[in-house]
Amino acid sequence: MTRISNDQVKHVANLARLAISEEETEMFTKQLDAIITFAEQLNELDTANVEPTYHVLDMKNVFREDIKQTGLPREEVLKNAPDHQDGQIKVPAIISE
């Protein structure tokens, strides 16, 4: 007895905008049923004394400290800009009216 039907596979394929043949429908039905069976086997494991985790590796934040620093002087930035006006970099309009 399968836990997923051919109609369900066709429905998911349609949602994903995938055109699948009848042979592919049968193949995916069997594969998805095997995946569901495996997932159900995992439910049989005793995890009462297992500490919850969000990642299998012990990961730490690798970002730098957010320290306020003085930026480049405005004149230095504007001298490298292709066009500027009133102390700001001028760019082409993206949205036209």
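Draft legend 1. Representation of unusual backbone geometry. Positive phi, normally seen in glycine, also occurs at R17, with a value near 60°. Of note, R17 is situated in the loop between α1 (6–15) and α2 (22–43).

Draft legend 2. Just the packing of α1 against α2, in detail. Viewed as axis vectors pointing N to C, α1 and α2 meet at an angle of 105°, and their least axial separation amounts to 9 Å. What the angle tells us is that α1 and α2 run roughly perpendicular. Along its contact with α1, which presents N6, V9 and K10, the element α2 presents E22, T25, E26, F28, T29 and L32. A breakdown of the residues in the contact of α1 with α2 according to their chemical character gives 3 nonpolar, 3 polar and 3 charged.

Draft legend 3. Representation of the side chain of T29 in the model. Tracing the sequence through the fold places T29 in helix α2. A polar contact of 2.6 Å, which involves the side chain of T29, links it to the backbone oxygen of T25. Beyond its immediate sequence surroundings of up to four residues, T29 is in contact with I4, S5, N6 and V9.

Draft legend 4. Structural view of α2. Between its terminal C-alpha atoms α2 stretches 32 Å, which fits the 32 Å expected from 22 residues at 1.5 Å a residue. As for α2, its buried residues are in contact with α1.

Draft legend 5. Spotlight on the pattern of salt bridges. By the definition in use, this model includes 3 salt bridges. The salt bridge involving R3 is made with E40; its shortest N-O contact spans 2.8 Å. Taken together, the residues R3 in the segment before α1 and E40 in helix α2 connect sequence positions 37 residues apart. For R3, a relative accessible area of 40% puts it in the partly exposed group. For E40, a relative accessible area of 35% translates into the label partly exposed. The partner of K10 in a salt bridge is E22, and the shortest N-O contact between them spans 2.9 Å. With K10 in helix α1 and E22 in helix α2, this pair connects stretches of sequence that are 12 residues apart. The class of K10 is partly exposed, set by a relative accessible area of 34%. Ionic contacts of the salt-bridge type, sharing partners, join the residues R3, D33 and E40 into one network.

About the cut-offs
- Along each chain, numbering runs from 1 in the same order as the chain's sequence is written.
- Restriction of local features to residues with pLDDT of at least 70 applies here, the model being predicted, together with a cutoff of 80 or more for giving and counting side-chain atom pairs; totals for whole chains, interfaces and linings are based on all residues.
- Only heavy atoms go into the side-chain values, all of them from the structure, while hydrogens and water stay out.
- Segments assigned H or I by DSSP are reported as helices when at least four residues long, segments assigned E as strands when at least two residues long, and all are numbered from the N terminus.
- Angles shown run from 0 to 180 degrees and are taken between the N-to-C directions of axes, each axis being a line fitted to C-alpha atoms and, for helices, limited to the stretch in contact.
- Convention used here: angles under 35 degrees read as roughly parallel, angles over 145 as roughly antiparallel, angles from 65 to 115 as roughly perpendicular, and any remaining angle as oblique.
- Between two residues, a contact is recorded if the distance between any of their heavy atoms is within 4.5 Å.
- The residue classification treats Ala, Val, Leu, Ile, Met, Phe, Trp, Tyr, Cys and Pro as nonpolar and Asp, Glu, Lys and Arg as charged. All others, Gly included, are polar.
- Nitrogen and oxygen atoms within 3.5 Å of one another constitute a polar contact, given that in protein one can donate a hydrogen and the other can accept it, and given that sequence-neighbouring residues count only through two side-chain atoms.
- For a helix, the expected span equals 1.5 Å multiplied by the number of residues minus one.
- Salt bridges are counted wherever a side-chain nitrogen of Lys or Arg sits within 4 Å of a carboxyl oxygen of Asp or Glu.
- Accessible area is worked out with a 1.4 Å probe on protein chains only. A residue is then buried under 20% of its type maximum, exposed over 50%, and partly exposed in between.

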